[in-house]
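Coordinates in review
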Amino acid sequence: MFKGRFSVPPETPRSKTSFNPSTPVTSRITNSQAQSSPHYTTTRRHSLYGVEDRIVIDPGSLVWKVGFSGEGRPREVFYPNAKSILKGLWDLNRASDATQRAEEGRILDIKLEQSLRSVFHDSLLTDPKARKVIIIENPLLPLHIKEALARTLFENLQVPSVSFASSHLLSLLAVGRITGLVLDCGYLESVALPIFAARPLFSQLRSTPLAGQRFLSHLRSLLLLFGTYVAPTSPGANLPQASRSMRVPPEVLTNEVLEQIKTRCCFVGESLAPVEAVDHGPTPDDSVATSSDIDMPPSSDPAPSESEFSFAGRESGVSSQQDSSEFSVVSTPRMGGSGRTEERSGNENQAQALAEMYMRHSTATDLSLRVEPPASMANSSSLGYGTIIIPGWIRERTAEVLFVGGDVDEGSLAEVILDALLKVPVDLRKTLASSILIVGGTSMLLGFIPRLHVELLRALAPQTPPSSVSPNTSTTEPDKSSQTRPRYDHYASLRPLIPYISVVNNPSPPPPLSDRAKNNAGKAPAFSPATMAWVGGSLAGALKIGGTEVSREKWDEADPEREDPDASVAESTVRRAVAGSHGQSPPSRNVLPDWTRIPLASGAPPAASIATSSPMRTSGARARVGA
Amino acid sequence: MGPNVLYHCPCLSTSSVPPPPHQISSSYSFHPLHELFFCEECDAVRCNRCVSVEVSGYYCPNCLFEVPSASVRAEKNRCARNCFMCPNCRNTLSVVPSDPPDAGDGRLLAPISTVGEPPFFLYCNHCRWDSSEVGITFEKPTGLAAQLQKLEDSAPDSLEFDRLKEHFEPIIRASSLSSSSTVPSTSHSRHHSNPITAAASAALARDIPGVGKYTPLTRSGRSSGKDRSANKDEMPEYKSRLDITKASAYGSGGGDVDVDFMRRLETVSEVASLDQRWTYSWSTSLETRDLKPLRIPLHSKHSKRCPACAHILIKPEQKAQSVRYKIKLVAANYLPAITVALPHQIEMLGHISAEATKRGTKSTAEDDRDTRGGLQAGKTYPFHMALTNPLYDPIQVRLSVQRMHVAPSGEGEKARRPPFAISIPTTPFSVAPFAEAWEYEDDEDMFALDDDELEARLSGREKEPKAKSKTVGVLEKRANVTVVGGEVALGKEARGEIKFNMLVAYTYRSDDPTPSEGHDISPSKKAVPETKTFAFYTVVDLGAIIPKDEDSRLEAYNV
């Protein structure tokens, strides 16, 4: 989308100087500092009322960030679905039934309208009629949502113009680059997109649903299995904490609580040592045999808070829970209850083995979180808050789910990056591999980026033993993963890139293996990954390069009935069906620029993509069609 | 939530007929009467979803200072005086002197009168947070935000942002120059014939940096290894003011320091919650103790216009302290207000609320009401609707229930939704005008009650909750209120909610077919009465049905 507007830097004279970038750049910077205080350069350009500043909206499915262009941070960040946070405005799925889908569309329209109106009227307190809008879009943002956004902005709020800009490209701008491989790890999915010279290489886009939502559902199931809930005290009976402990009831884990745990307690630990993973791989008998000593914390465990809730208490908590086990839906794989070991199904055995392995690799402290007891469990005798005890290893290891690939449609985050890199033309690989940028809300997890870097290196490591790439793939299908991997060395052609791999916003980069990595790794400005796309949007607005504008006149002129000649038959029929099912809302117009509407290049695809595209993922088409 | 009536605004759909009420989306088309506006020009109801909103003034909700719109932007929509919020509990912070000389507490709410020791700081009266914890103190107790503004302007994110802008600006300028210098030569010759072809040729003529260098680089560049540190896009490298590696060394960028902190975390409250830190675009500390005081966001007064004709519907007075309106065309002044009640429920409510207070828990009380005061499947219940006329003229009202089409959607629950039968009086009835007390007897002849109605009305008056003799029809008339009775018969297998759309059409006398603008809402009474009819849709929600099986189980239990 930037192709039209974002013009490319001049190429001839600079190519020489950029080989030795340190001198000219530093001189330029000293100049700029000498000029004036940077603050005044921003304010000087604004007129009194600052109407030419655009509104920059980063509408995620879960979180929206809004503000004015030219500012360094968004004015407001909010959950658009305020009533039930963590239920995004949209999902990867759409209803297949036409009437249901129409209903979904209406609700989406209404919620978008609500959110957009509140952006202008409550957050930014500005008149929409005087403001141009930049919408930051994910490349896989479904078209019907894009249309709905534009429809509301033009028809309800009557903004003068809307432009859409790619979130990946804007993120790159925010770190002062126009070339790089950007991984946006958001809520619904993680999307890796290589960008060269401000041109997003959309055909090399890769995505995986391993993202925030998956993290949360994993966190939820781990807490249900291995967390402990301490019911509130009763005034009369002064029960010890031990006898009030029980398994976490599902009602306690509301979305709000989960989000809180995710954002305040969780982090990403170092990668599991491959050797150990092979040794103590999730073999069920092994775990059963060692289950007794797993009960005790490892001696190296520095966690002092363990003493707060004694293990004796925990044991009795287990036993009390054993009594009530017939009421619980899932038979507990909690450690300690040796009597039930035989009854465990294989699945739970695996969960147990997984937990034990994680426990072994975690030194994080356990945390307790106060939560409101669920209404169904509240009885008149209980007072105050209940407590969830979150084992340290859950805090540290929940994110493992993101680094372990599933089937071919759910590659791990490292695999998504490497797959994108594989598709990139060979000449660009080194450049892109050395400027990887990780953005998105989920990457705000502490330790996420360093860990991803390690995972990248490990996926590329030579003679990778099959199970060590993903030591716990076996939770899903142990045999399958060990079969697929060794037969074909997927990333062999990328192996020479190992010294060049560098994540530009890695907060603690490993010692560089090449000059290039040294110059790039961790050199990005310290913007937080979640707001990087917004900051880039603000920058693009300030530089007046915010993507192709669609003016209101153009929107109004566009004949809703006309079909896009470029759109493929399948897509246009789908889109027509979508538009038709919206019922009262006008059918889609094709005035909105979108990369899927750009006709494909007629030339032969690059050789690299032919070679490696055998298990083609059509995630783009999938998300767009919304099947 | 008891039974209620919501009014339809047709803005969400093109047809004037509202969507069937069992759709979830339909609830967004209906609004309480007090939230609606009425455009006299268009003769239509407008809601908060469709009106266009203009800001008519900014003010701080804490100090009620009216902020001139010129300074709103520079001050980032936040109060630039002394108003701050506690970062932990969002309470208003007060300014206190650091070391009160006397033995008393010295924490005064009014900072102006304080004569304290110079280092002032902000203090939260609720959670006892104080700003000296994060190193924010003030020399003077006034103009605190201005003192903090400097801090904000030198925030690393804005400095870095400006540096980024300076980095990109010359490049963009140069590239736009180069593209405009190469292309116009061709477009000049074509007399600017076609802007599209010009643009296309411009795009084609532009060089793609790396691609242009493709061949030489593969031959020489790679083998010599000169490009080891250079990217191929030939963009001058951007050097960050403060890069993420350095920033995280201080423990704010999500690096090893932070991971270590997280690993040793003892209590959750040490980590700030997401919404306390998510507006910071710069990598900030996670810890709660590092949170900074927040300036209070400004509020704005809105004036609203009709989306169709752009006439002002509501316009507040400028002053922040005032809660009055200069123009106020609200629907409550035009449409009859309708309230609905279930007589048997009201009766039960007394018992239940008494019991509920004894029991003290809300959920159980609700359960109880559902079973006893609720609507059980297979039974018939009366309901009352009271219509209040806001006009100075009597109105003739006709009610009709929109036909329920049971949606054959395969949603299980919804598909089995059985028809419940609603019977309401279909003959027009009158509602007396809204009038001052001495004018009230005027239109007695307009009542024109037939005998049954009169009887019903009497019976309704005498034993109001149990109108057993007649439930459907006009039950009562007093002042400008008319109460009509209706009946709902529930099917045996009924479940879900009793919600039905009702069309209300009312006829009133109007001498002026196009009422003049302004908020004079009374069509003045003149000699030649001309009648006008206005119709609007409402949705009547009587509450949830208690399914039969639950009911029978209850009965079995009783037996």
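Residues numbered from 1 in each chain as written. Chains lettered and ligands numbered in written order. Predicted model: local features only at pLDDT ≥ 70, side-chain atom pairs only at ≥ 80, totals over all residues. Heavy atoms only, no water.

Let us look at the overall build of chain A. Within chain A one finds 27 helices and 15 strands. For chain A, restricting intrachain contacts to residue pairs at least 6 apart in sequence, the fraction spanning at least 24 positions comes to 74%. As displayed, chain A offers around 23,600 Å² of accessible surface, 57% of which is attributable to carbon and sulfur atoms. (Helix = DSSP H or I, 4+ residues; strand = E, 2+ residues; numbered from the N terminus. Contact = heavy atoms within 4.5 Å. Areas by Shrake-Rupley, 256 points an atom, 1.4 Å probe, with all protein chains shown as cover.)

Quick look at the pairing of strand β16 (residues 380-388) of chain B now. Here strand β14 (residues 337-341) of chain B pairs with β16(B) via five bridges, running antiparallel. Bridged to B:Ala341 within β16(B) is B:His384. (Pairing = 2+ DSSP bridges.)

Moving on: the environment of A:Ser271. Residue and element names in this part refer to chain A. With respect to the secondary-structure elements, Ser-271 resides in the loop between α10 (255-264) and α11 (274-279). Classification of Ser-271 by relative accessible area gives partly exposed; the value is 21%. Once the C-alpha coordinates of Ser-271 and Asp-409 are considered, the two residues, 138 residues apart in sequence, prove to be 23 Å apart. Setting aside residues no more than four positions away along its own chain, Ser-271 makes contact with Arg-451, Val-454, Glu-455 and Arg-458. (Buried < 20%, exposed > 50% of the residue type's maximum accessible area, 1.4 Å probe, protein only.)

Attention now moves to the domain arrangement of chain A. Residues and elements named next belong to chain A. Segmenting chain A into domains produces domain 1 (55-176 + 533-593), domain 2 (180-203 + 410-465 + 480-524), domain 3 (213-401) and domain 4 (602-627). If you look at the interface, domain 1 gives five residues, while domain 3 gives five residues. Between domain 1 and domain 3 the total buried area reaches about 480 Å² when both faces are included, carbon and sulfur atoms providing 53% of it. The tally of links between domain 1 and domain 3 comes to zero salt bridges. The interface formed by domain 1 and domain 3 holds one residue pair in polar contact (both at pLDDT 80 or more) in total. A breakdown of the residues in the side of domain 1 that touches domain 3 according to their chemical character gives three nonpolar, no polar and two charged. (Domains from an automatic or database assignment. Buried area = accessible area lost by both parts, 1.4 Å probe. Salt bridge = Lys/Arg side-chain N within 4 Å of Asp/Glu carboxyl O. Polar contact = N/O pair within 3.5 Å; in protein donor to acceptor, adjacent residues only side chain to side chain. Nonpolar A, V, L, I, M, F, W, Y, C, P; charged D, E, K, R; others polar.)

All names here are of chain A. Spatially, the six strands line up as an open sheet ordered β3-β2-β1-β4-β5-β15, and their pairing is mixed. This sheet does not close on itself; its edge strands, each paired only once, are β3 (76-78) and β15 (549-551). Each adjacent strand pair in this sheet contributes to an overall mean axis angle of 20°, direction not counted. As paired elements, strand β4 (residues 133-137) and strand β5 (residues 161-166) share five bridges and run parallel to each other. Bridge pairing in β5 links Ile-136 to Ala-165. Of the strands in this sheet, β1 (55-59), β2 (64-68), β3 and β4 touch helix α5 (residues 98-123), which is tilted by about 35° from β2. (Axes fitted to C-alpha atoms, helices over the stretch in contact; angles between N-to-C directions.)

What follows concerns the sheet that holds strand β5 (residues 52-59) of chain B. All names here are of chain B. Read across the sheet, five strands follow the order β6-β5-β11-β12-β13 without closing on themselves; strand pairing throughout is antiparallel. Each edge of the sheet is formed by a strand with only one pairing partner; in this case those strands are β6 (66-67) and β13 (325-328). When strand β11 (residues 299-305) meets strand β12 (residues 312-316), the two strands line up antiparallel, connected through two bridges. Note that in β12 the partner of Lys-304 across the bridge is Ile-314.

To continue, consider the pairing of strand β6 (residues 180-185) of chain A. Residue and element names in this part refer to chain A. The element β6 is largely enclosed, with a buried count of six among its six residues. Going residue by residue along β6, you find Gly-180, Val-182 and Asp-184 tucked away on one face and Leu-181, Leu-183 and Cys-185 tucked away on the opposite face as well. Relative to strand β7 (residues 190-196), β6 runs antiparallel, the two being bridged by six bridges. Bridging from a neighbouring strand, Cys-185 pairs with Ser-190 of β7. Taking the residues that link successive antiparallel strands as the turn, the β6-β7 hairpin has four residues. As defined by bridge partners, β6 adjoins strand β14 (residues 436-439) across four bridges and the pair is classed as parallel. Of the residues in β14, the one forming a bridge with Asp-184 is Val-439.

Positive phi, close to 60°, is recorded for A:Lys544, a residue that is not glycine. Relative to the assigned elements, A:Lys544 resides in the loop between α23 (532-542) and β15. Classification of A:Lys544 by relative accessible area gives partly exposed; the value is 43%. Look at B:Leu64: it is not a glycine, yet its phi comes out positive at around 60°. Within the element layout of this structure, B:Leu64 appears in the loop between β5 and β6. Overall, B:Leu64 belongs to the partly exposed group, its relative accessible area being 32%.

For the rest of this paragraph, the subject is the packing of aromatic side chains. In this structure the tally under the stated criterion is 17 aromatic pairs over all chains. Geometrically, the ring pair formed by A:Tyr358 and A:Trp393 is tilted, given 6.1 Å between the ring centres and 40° between the ring planes. Of this pair, A:Tyr358 sits in helix α14 (residues 346-360) while A:Trp393 sits in helix α15 (residues 392-397), and the two are 35 residues apart along the sequence. Note on accessibility: A:Tyr358 and A:Trp393 belong to one class, buried. Each ring, one from B:Phe38 and one from B:Tyr334, has its centre 4.4 Å from the other, and the planes form 15°; the classification is stacked. Separated by 296 residues along the polypeptide, B:Phe38 in strand β3 (residues 37-39) and B:Tyr334 in the loop between β13 and β14 bring together distant segments of the chain. Residue class for B:Phe38 comes out buried when judged on its relative accessible area of 3%. Among the aromatic residues, those joined into a cluster by ring pairs are B:Tyr7, B:Phe38, B:Tyr334, B:Tyr506, B:Tyr508, B:Phe534 and B:Phe536. A cation over a ring is seen here: A:Lys146 above A:Phe164, with NZ or CZ 4.8 Å from the ring centre. (Phe/Tyr/Trp six-rings, centres within 6.5 Å; stacked < 30°, edge-to-face > 60°. Lys NZ or Arg CZ within 6 Å of the ring centre and 35° of its normal.)

What follows deals with the confidence of the model for chain B. All names here are of chain B. Predicted confidence across chain B gives a mean pLDDT of 72, with 65% of residues reaching 70 or more. Averaged over each element, pLDDT in chain B is lowest for helix α7 (residues 214-224) (38) and highest for β12 (92). Low pLDDT, under 50, characterises residues 212-229; the predicted model gives this stretch 23 contacts beyond four residues in sequence or across chains. The low-confidence segment residues 513-527, where pLDDT is below 50, has 31 contacts with residues more than four positions distant or belonging to other chains. Under the prediction, the complex receives an ipTM of 0.76, its pTM being 0.75. (pLDDT = per-residue confidence, 0-100.)

By the criterion of burial, helix α18 (residues 426-433) of chain A is predominantly enclosed, with seven of the eight residues buried. Inspection of α18(A) places A:Asp427, A:Leu428, A:Arg429, A:Lys430, A:Thr431, A:Leu432 and A:Ala433 among the buried residues, and these make up the whole buried set.

Our focus in this paragraph is the environment of A:His453. Residues and elements named next belong to chain A. Topologically, His-453 is positioned in helix α19 (residues 448-460). When its relative accessible area of 4% is taken as the criterion, His-453 is described as buried. Sequence separation between His-453 and Ile-438 is 15 residues; the distance between their C-alpha atoms is 10.0 Å. Excluding residues that lie within four positions of it along the chain, His-453 makes contacts with Ile-501, Ser-502, Val-503, Asn-506 and Pro-510.

In this section: α10(A). Most of α10(A) is tucked away: seven of the ten residues are buried. Those residues of α10(A) not exposed but buried are A:Val257, A:Leu258, A:Glu259, A:Ile261, A:Lys262, A:Thr263 and A:Arg264. In this structure, the buried residues of α10(A) make contact with α8 (212-226), β12 (367-371) and β13 (386-390) of chain A together with α9 (256-263) and α10 (274-277) of chain B.

Bringing the pattern of salt bridges into the picture now. Residue and element names in this part refer to chain A. Applying the stated criterion across every chain, the model contains 24 salt bridges over all chains. Linking Arg-451 and Glu-400 is a salt bridge whose minimum nitrogen-to-oxygen distance equals 2.8 Å. With Arg-451 in helix α19 and Glu-400 in helix α16 (residues 400-403), this residue pair connects regions lying 51 residues apart in the sequence. On the basis of relative accessibility, which here comes to 2%, the residue Glu-400 falls in the buried class. Among the ionic pairs, Glu-455 bridges to Arg-451, the shortest N-O distance being 2.8 Å.

By secondary structure assignment, the location of A:Ser167 is in helix α7 (residues 167-174). The contacts of A:Ser167, once residues within four sequence positions are left out, are A:Ile136, A:Glu137, A:Asn138, A:Pro139, A:Asp184 and A:Ala533.

Each pair of packed helices gets described by two things: the angle between the helix axes and the distance between those axes. Residue and element names in this part refer to chain A. The geometry of α5 relative to helix α6 (residues 143-156) is characterised by a closest axis approach of 10 Å and an angle of 50° between their N-to-C directions. The orientation of α5 relative to α6 falls into the category oblique. When you trace α5 past α6, the crossing you get is right-handed. Here α5 contributes Leu-108, Asp-109, Leu-112, Glu-113, Leu-116, Arg-117 and Phe-120 to the contact with α6, which in turn contributes His-144, Ile-145, Ala-148, Leu-149, Arg-151, Thr-152, Leu-153 and Asn-156. (Parallel < 35°, antiparallel > 145°, perpendicular 65-115°, else oblique. Left-handed = near helix turned anticlockwise from the far one by under 90°.)

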